[in-house]
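Here's the letter readout for the chains.
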Amino acid sequence: MPELSDEWYLWGPYLSERQWGTVREDYSADGEAWSYLPHDQARSRAYRWGEEGLAGFSDREQRLCLGLALWNGRDRMLKERPFGLTGAEANHGEDVKDYWWYLDATPNHAWNRWRYHYPQATFPYDDLRAENGRRGKHDPEYELLDTGVFDDDRYWIVEVHYAKATPTDLLMSVQVTNAGPDPATIHVLPTAWFRNTWSWDPGSPRPELAATGDTSMRVSHPSLGELELLAGQGPEGDPPSLLFCENETNTQLLYDVAATTPYPKDGINDHVLTGAATVNPDRQGTKAAAWYRIDVAPKTTVELRLRLRPAGNGPDPATALGQDFDAVVATRRAEADEFYAGLTPPAASPDEAMVMRQAFAGMLWSKQLYYYDVARWLDGDPGQPIPPASRQTARNSRWRTFDSFDIMSMPDKWEYPWFASWDLAFHCIALAHVDPAFAKDQLLLICREWFQHPNGALPAYEWDFGDVNPPVQAFAALEVFAIDGGRDLDFLSRVFDKLLVNFTWWVNREDADGSNLFEGGFLGLDNIGPLDRSHLPVGGVLEQSDATGWMAGYALAMTTIAAVLDRTGYRPARDLVHKFLEHFAEIRTAMIAQGMWDESDGLFYDRISVPGGGVVPVRVHSMVGIIPLLAVAVIDEQQLERSVAPGKQFARFLHREGVRDAEDLVKTGALRGDPGQRRLLLGAVGVEQLLRLFDRLFDPGEFLSPYGLRSLSAFHRDHPYTIEIEGVTAGVDYEPAESTTAMFGGNSNWRGPIWFPLNYLAAEALDRYHRFFGDDLRIEYPTGSGVHQTLDTVADDLRARLVSIFLTGLDGRRPCFGGVETLQRDPNWNSNLMFNEYFHGDNAAGLGAAHQTGWTGIVADIIRRRHGMVRPLGEVLLSVIERKP
C-alpha cells in the first residue's frame, strides 16, 4: 500500500449520504430542519454547505464530486441518494430505508469497495411512508425487505470500486449484477458535479464540465486545475450519452420563481425519465453524467469503467480503461489484502477477520467534509435572503466562533451526518489501528480554537453544540497514544493543554453548587432515565452519578497524561499531577459522603436536590449507576510518594480512608507488590462497593446478556420504576429494542439495548482492576453461576460476547441480523455487515442507525485486543516512562 502521505488523501469518500434535513441547510424560522429541505426536494435544490451521493467520492475540499445515479425504468426519480424517513414520518425516528454496505477500504483510499441492492420493481416510497406512519412506538419498523420488493431476487447488485493509480489519478469501476430470474434493463449514470460555491460568494469563479468527445469530458476548476474524465464504452460496445446541467436550484419548480437556468440540478433526472429538454445541448455545465442503458441477462454481471486524471497525462484512453486499469485495480486490491493480513490476529477465525475488515472499512468510508461557519449561517450570505430574526437567538447562536471546514469521522453519514464529540473519541480508538495520524488529528481537531468554545466547552453535535457529552477525550487520547506505540508525546502534550481548559469548564459550569457532584444533562445517554435530564421538568438540580463518575475518570486520565509528560522528561507537569489527583479525591469523597451510593441496593443513583433542601433519589437500575466503576487507575509507588508529599488534599483523602503511611495501605490491600515496585488502586468506588456493583453488572437477570451488557437492567422488565415529584409522574421499564418514548426524539434508546461504548469501557476498566489485583481476586461470573473467575477472564468473555453479535453461530445465524431471514440465509446478503447504533438487549438484533460504524466499529479494536495484538494501556505507559517505547 502506498505510504500515508498527505497527497494520497486528496481524493476520498468525503461526501455525506444525506445533506437534506441537516441543521446546516435549514434556513427556516422554526428550526424544523427535516421539513425545511425534505427528501423530495433534495434532487432540485442546490446545497449551501455540502454534497451527498451514492458511493460518493470527492477531493478533500469537496470541490469536485463523483457519485452514482441509477434508474430501474419504473421509479418516479433517479436513485441519486439513499431514501429514509424523517423523525415525524417514522414510528421510531429518522430511519434510512435503503441497503448499502462498506465492504473494503484502505486508509489512503487507494482502494475502496461499496455495495448497494436496488429493486427492479418500483421503489415503494409511498408504501414505506404510509405504513411506518401508521405504526406506533410499540410496533417494529417497516423495512424495505418487508415490502416484498426483493422477492424472487428481482433486484440489482451494484458494486463500486475506486482505485488510485497515483494520488491524482482515480479509477471508478461500476459492476452491476442482475440477481433476478429474467433479463432486465437498468440505467446507470456515474455522475460528476461541482459543489456550488459560486452562488454564495459573489464574484467567485465558476468551474465547468464540458464534453470533449463521445466518451470524455474536460473538468476545469480554478484550484484543481485541468482534469479529464474518461467514460468507457458499455458492455455491448456502445458509448454512453453525456448529459450536462447546472448544480443550481430549480426555482421555477419549487418556488414558482423565474429559473436562473433552463438546465437546473434536476435536469438530468427529468431528461432521463421524461425526455424533457432540461440538459444543455451544448454539452457543458457544472453537473454531468454518463448515461448507460444496459440489458443484463439473469445472474450476469457487467462492468462500466471511468477514470478521472490530470488532463493530458497517462496512457491513451483505450489503455487507460483497459490493460492499465486492470493492473491498477489488481495491485490496489492485493495491497489491501496484504494490509489487512498484517492487522489480522493469527488466532482469529476467518469470520472474525471479515468482521474486523468490514468494520475498519466502515470507519474509513465514514469520513466527510464537515463545513459549517456558524456566524455566516446565522447572519446569511451576501446577496442572499436574510435569515429570519429568530435565528439570532436560536440553535447554536452562542457558538459564533465555530467555523469548521475539515474532514471528520462521522457516526453515520445518513442518520448522523455530523460529528458528535463523544462518538468521535471511540472512532479514534478504532482508527488508530489503521491510520493513527488521522486518529490523532481528529482528537486534536475537536479541541482546536475553531471548534472549542472560548469558555472551554467542546461542541456536542450539530443539533445543539451546547449540549454536554461525556468527557472521554482524555481517555481516548491515552488509548490512541498507546495503540500508536507510545511514541508521540507531542500529540499527548497538545491535547492535554486543550483539555485543561475543558476540564476547568466542567468544574465551573457543570457543578452548580461546588459540591463536586456534577450535572450535565442527558450526557449522551438520551432516554436512560424517567425524566428529561437535560431539561428537568421539576424544580431543583439533578446531581448525576454518571456525570460525577465521568468526571472522576476524566481527572484520573488527566493525571495519567500529566504523569507521562513529567516522568518522560518531555515537560514539567508534576504540579498538574497533584492538581488532578486532588480533584479526583474531592470527587470520590463527594460521591460517598453526599449520598449517591445506595447501600441497600448496591448501586449509585442520580438524585434531585429539590428547593428547600430535600433530596429525591432516582432509583433506576441503569448504566448511570455503573459508570462510577469505570473511573479507575493504578499508580506506582514512586508517583504515590510524590503525590502525598505536599500533604494536601490527596494526602488528607488517604487519611480519611484510614491510611497514614504506605504500611497502612499494604495492610488494607490497597497497595500491592514488592517494595519499590508497589502499586496503588485509585478508583471512584471502594473495593466493597466494586464487588457489589459486579454482582449487579454480571447478573443475567439484570445487566449481563449473552451478547454484552445491557444499558438498563432487565430487573425492570418485571419491576417498572415510577417516580412522583412536584406533581410530575414518570417511569421507566425495560425496553430491549426500539424506544417507546419520544422524549428525546430520533431513534435513540438507552432503555435496555446493548451499546458498544459502555461495554468497551467496562472491559477496559476490568483490565485495569486486574492489573492491580492479579489472580488474587476472583468474582462469581456470571452472578449466580457458582463459577469464580479472574477479572481478565471476565473482560475477555465480555469482549467475546460483543464480537459474537456479528459472527455466524453454531445455528448458522448472525445475531445482528435478528429474524430477517434474507439477511441470515441468502448468500447475496449474509456476508455484508451493518454495524448498527445499538443491539437488542436479549437477542442482539441490530437496531437504530444502520451504518453507525462510528463507535460500533470499535469491534475491530476488540477483535485485535482479545487476540493479544494490542498491548494493555498500563503496560505501554510503563514502558514509555522507562523510556522503552
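Residues numbered from 1 in each chain as written. Predicted model: local features only at pLDDT ≥ 70, side-chain atom pairs only at ≥ 80, totals over all residues. Heavy atoms only, no water.

**Student:** So, the overall build of the protein: which residues are in play, and what are the values?
**Tutor:** Of regular secondary structure, the protein possesses 26 helices and 35 strands. Within the protein, the fraction of its 885 residues that count as buried is 64%. Partitioning the contacts of the protein with sequence separation of at least 6, the portion at a separation of at least 24 is 72%. For the protein, the exposed surface amounts to about 30000 Å²; the carbon and sulfur share of it is 50%. Within the protein, one finds 83 positive and 125 negative side-chain charges whose respective centroids are separated by 3 Å. (Helix = DSSP H or I, 4+ residues; strand = E, 2+ residues; numbered from the N terminus. Buried < 20%, exposed > 50% of the residue type's maximum accessible area, 1.4 Å probe, protein only. Contact = heavy atoms within 4.5 Å. Areas by Shrake-Rupley, 256 points an atom, 1.4 Å probe, with all protein chains shown as cover. Lys, Arg positive; Asp, Glu negative; His and termini not counted. Charge placed at Lys NZ, Arg CZ, Asp CG, Glu CD.)

**Student:** Which residues make up helix H10 (residues 421–431), and what values do they have?
**Tutor:** Judged by how many residues are buried, H10 sits mostly within the fold: 11 of 11 residues are covered. Looking only at H10, the buried set comprises Ser421, Trp422, Asp423, Leu424, Ala425, Phe426, His427, Cys428, Ile429, Ala430 and Leu431.

**Student:** Tell me about the sheet that holds strand S27 (residues 679–683), and name the residues and values.
**Tutor:** In spatial order, the strands read S25-S27-S26; together these three strands make up an open sheet with antiparallel pairing. The open sheet has two edge strands, strand S25 (632–636) and strand S26 (671–672), and neither has a second partner. Here five bridges tie S25 to S27, and the two strands are oriented antiparallel to one another. Bridge assignment links Asp636 to a residue of S27, and that residue is Arg679. (Pairing = 2+ DSSP bridges.)

**Student:** Describe the pattern of salt bridges, naming the residues involved and giving the relevant values.
**Tutor:** With the rule as written, the count across this model stands at 62 salt bridges. When the shortest N-O distance is used, the salt bridge between Arg129 and Asp40 registers 3.6 Å. Linking Arg129 in helix H3 (residues 125–134) with Asp40 in helix H2 (residues 39–42), this pair joins segments that are 89 residues apart in sequence. On the accessibility criterion, Asp40 (32% relative accessible area) is partly exposed. It is possible to trace a salt-bridge network through shared partners that takes in Glu479, Glu764, Asp767, Arg799, Asp861 and Arg865. (Salt bridge = Lys/Arg side-chain N within 4 Å of Asp/Glu carboxyl O.)

**Student:** So what's going on with the pairing of strand S31 (residues 728–732)? Which residues, and what values?
**Tutor:** Sheet analysis places strand S30 (residues 721–725) next to S31, joined by five bridges and oriented antiparallel. When the sheet's bridge partners are listed, Ile725 is paired in S31 with Val728. Where S30 hands over to S31, the hairpin turn is made up of two residues, of which Glu726 adopts a positive phi near 50°.

**Student:** Which residues make up the nonpolar core, and what values do they have?
**Tutor:** In this structure, Trp114, Val188, Leu629, Phe698 and Tyr769 are the most contacted members of the largest nonpolar core, which totals 268 residues. Broken down by element, the residue count for this core peaks at 14 residues, all from helix H14 (residues 545–567). Residues contacting Trp114, with those up to four places away along its chain left out, are Glu17, Leu54, Ala55, Leu68, Trp100, Trp101, Tyr102, Val158, Glu159, Val160 and Trp365. By size, the runner-up hydrophobic cluster in this structure holds 15 residues, among which are Leu531, Ile725, Ala730 and Tyr734. (Core = buried A, V, L, I, M, F, W, Y, C linked by side-chain atoms within 4.5 Å.)

**Student:** An account of the side chain of Glu735 is needed here, citing residue identities and associated values.
**Tutor:** Summarising the element assignment, Glu735 is placed in the loop between S31 and helix H21 (756–773). In this structure Glu735 is buried but unpaired, with Arg751 as the nearest side chain of opposite charge at 4.1 Å. A distance of 2.4 Å separates polar atoms of two side chains, one belonging to Glu735 and the other to Thr740. If we skip the residues at most four places from it in the chain, Glu735 touches Thr740, Asn749, Arg751, Gly752 and Pro753. (Polar contact = N/O pair within 3.5 Å; in protein donor to acceptor, adjacent residues only side chain to side chain.)

**Student:** Let's hear about the packing of H21 against helix H22 (residues 791–804): which residues, and what values?
**Tutor:** Packing of H21 against H22 brings their axes to within 8 Å, and their N-to-C directions diverge by 160°. As summarised for this structure, H21 and H22 are arranged roughly antiparallel, according to the angle between their axes. Here H21 runs over H22; the crossing is left-handed. Mapping the contact onto sequence places Phe756, Asn759, Ala762, Ala763, Glu764, Leu766, Asp767, Tyr769, His770 and Phe773 in H21 and Leu791, Asp792, Val794, Ala795, Leu798, Arg799 and Leu802 in H22. Residue composition of the contact of H21 with H22, grouped by class: 11 nonpolar, two polar and four charged. (Axes fitted to C-alpha atoms, helices over the stretch in contact; angles between N-to-C directions. Parallel < 35°, antiparallel > 145°, perpendicular 65-115°, else oblique. Left-handed = near helix turned anticlockwise from the far one by under 90°. Nonpolar A, V, L, I, M, F, W, Y, C, P; charged D, E, K, R; others polar.)

**Student:** Go over the environment of Pro675, please, and point to the residues and values.
**Tutor:** Position of Pro675 relative to the elements: it lies in the loop between S26 and S27. The class of Pro675 is exposed, set by a relative accessible area of 67%. A sequence separation of 112 residues divides Pro675 from Ala563, and the C-alpha atoms of the two residues are 21 Å apart.

**Student:** Residues and numbers for helix H13 (residues 489–509), please.
**Tutor:** For H13, built from 21 residues, the straight-helix expectation of 30 Å at 1.5 Å per residue is met to within 8% by its first-to-last C-alpha distance of 30 Å. Taken residue by residue, H13 has Leu489, Phe491, Leu492, Ser493, Val495, Phe496, Leu499, Asn502, Phe503, Trp505 and Trp506 as its buried positions. Buried positions along H13 lie against helix H11 (436–445), helix H12 (473–483), H14 and helix H15 (574–593). (Expected span 1.5 Å × (residues − 1).)

**Student:** Summarise the packing of aromatic side chains; cite the residues concerned and give the values.
**Tutor:** Each aromatic ring pair is described using two quantities: the centre-to-centre distance and the angle formed by the ring planes. Under the criterion given, the structure shown has 59 aromatic pairs. With a centroid separation of 6.1 Å and an interplanar angle of 85°, the aromatic rings of Phe83 and Phe123 are classed as edge-to-face. Residue Phe83 is located in the loop between strand S3 (64–71) and strand S4 (84–85), and its partner Phe123 is located in the loop between strand S7 (111–119) and H3; the two are separated by 40 residues in the primary sequence. The class for Phe83 is buried, based on a relative accessible area of 0%. A residue is classified by how much of its surface remains accessible, and Phe123, at 3% relative accessible area, is buried. An angle of 85° between the planes, with centres 5.8 Å apart, marks the rings of Trp505 and Trp506 as edge-to-face. For the pair formed by Trp505 and Trp506, the shared burial category is buried. Among the aromatic side chains, those forming a connected cluster through ring pairs are Trp49, Tyr370, Tyr371, Tyr372, Trp377, Trp399, Phe402, Phe405, Phe419, Phe451 and Phe465. Directly above the aromatic system of Tyr36 lies the positively charged group of Arg45, at a separation of 4.8 Å from the ring centroid. Between Arg391 and the ring centre of Tyr27, over which it is positioned, the NZ or CZ distance is 4.7 Å. (Phe/Tyr/Trp six-rings, centres within 6.5 Å; stacked < 30°, edge-to-face > 60°. Lys NZ or Arg CZ within 6 Å of the ring centre and 35° of its normal.)

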